[in-house]
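Spelled out, the chains give:
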Amino acid sequence: MNANIRNKPIGVFDSGMGGLTVMKALMSLLPNEELIYLGDTARLPYGSKSPETVKRYAVQCARALLRYDIKMLVIACNTASATALGDLSQALAPTPVIGVIEPGAEAAVQAARSGRIAVLATEGTVKGGAYARAIHARNPQAQVTQKACPLFVPLAEEGVTQGQIPELIAGMYLQPIFEDEANSPDCLVLGCTHFPVLRDVIAKVAGPGAKLVDSAATTAAAVQKLLAEKNLNRDEPAVPPRFLSTDAPERFARVGQIFLGTPIPPKSVELVDL
């Protein structure tokens, strides 16, 4: 493999800042890789948009990242992964494209002892049914419940991740799922990259019997595996990550650190127009 290709960056995009949970996992697992993250904050959320609109937005995000000569694209958005992964994989070939649905489904099947799995996601992801298909492909006997939780996204984006308000909203979403204790799921999939910052509240409401899984760590592992398979591991010294935002870069830096788990220097966030 040409060293010039190996040392190109990996592009990552999401509808907003939730994908920074995937970025965090990538930075931890692949500290030597150059990462460029695009948050389409001007058009958040994707989860309530039509599939056609999400596909159009995803293609625009991918094109923006291709300008940086990326060697791989990571769709750090469940809604975009569910609706646009196939189209982007075909359009960007031979550049590899990885979504978050398949790694998340794999983690859920491994975690669910009873085979009862509940997927918490956006309206678009639930309607598309991508998680249920991916889970059933791995375990045809799995019992999958899907629940749209659209209010989790603005809570996460506003940094309202603890206290009475998110607990009440989590209770509203989860109570119907856990009504029948004998048949309650023992695995909850956080099927939106925004949801991990609400993990503590969701876990408190769900109770100790349900294991929470998200696709951040498993997606990072999938990226690591593909880099090795295609001999694309970077062999030059590490460089700081770069951040692109389609709106309010100052706010992106301020709120984004909640998702990334580390401060984002405001000057490191570039405003871009898609």
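See the structure shown above.
## Focus: the sheet that holds strand 5 (residues 116-121)
Pairing is parallel across the open sheet formed by four strands, whose spatial order is 6-5-7-8. For this open sheet the edge positions go to strand 6 (143-148) and strand 8 (211-214), each flanked by a neighbour on one side alone. Direction aside, neighbouring strands of the sheet carry axes that sit 25 degrees apart on average. Across four bridges, strand 7 (residues 187-190) lies against strand 8 in parallel orientation. Considered in strand 8, the bridge of Leu-188 is made with Leu-212. The strands touched by helix 7 (residues 130-138) within the sheet are strand 5, strand 6 and strand 7, with strand 6 carrying the most contacts at an inclination of about 160 degrees.

## A few points about the nonpolar core
Leu-20, Leu-120, Phe-152, Leu-188, Ile-202, Val-223 and Phe-243 are the most contacted members of the largest nonpolar core, which has 54 residues in total. Residue contacts for Phe-243: discarding those within four places in its chain leaves Leu-20, Met-23, Tyr-37, Phe-252, Leu-260, Ile-264, Ser-268, Val-269 and Glu-270. Counting 22 residues, the second-largest nonpolar core is a separate cluster that includes Tyr-46, Ala-64, Ile-75 and Val-97.

## A short note on unusual backbone geometry
The amide bond that connects Leu-44 to the next residue, Pro-45, takes the cis arrangement and shows omega of -5 degrees. Within the element layout of this structure, Pro-45 appears in the loop between strand 2 (35-39) and helix 3 (51-66). Following Ala-93, the chain continues into Pro-94 via a peptide bond in cis, with omega recorded as 10 degrees. Positive phi values are uncommon outside glycine, yet Asp-69 reaches one of about 60 degrees. Relative to the assigned elements, Asp-69 resides in the loop between helix 3 and strand 3 (72-75). You can call Asp-69 partly exposed: its relative accessible area is 42%.

About the thresholds
Residues numbered from 1 in each chain as written. Predicted model: local features only at pLDDT ≥ 70, side-chain atom pairs only at ≥ 80, totals over all residues. Heavy atoms only, no water. Pairing = 2+ DSSP bridges. Helix = DSSP H or I, 4+ residues; strand = E, 2+ residues; numbered from the N terminus. Axes fitted to C-alpha atoms, helices over the stretch in contact; angles between N-to-C directions. Contact = heavy atoms within 4.5 Å. Core = buried A, V, L, I, M, F, W, Y, C linked by side-chain atoms within 4.5 Å. Buried < 20%, exposed > 50% of the residue type's maximum accessible area, 1.4 Å probe, protein only.

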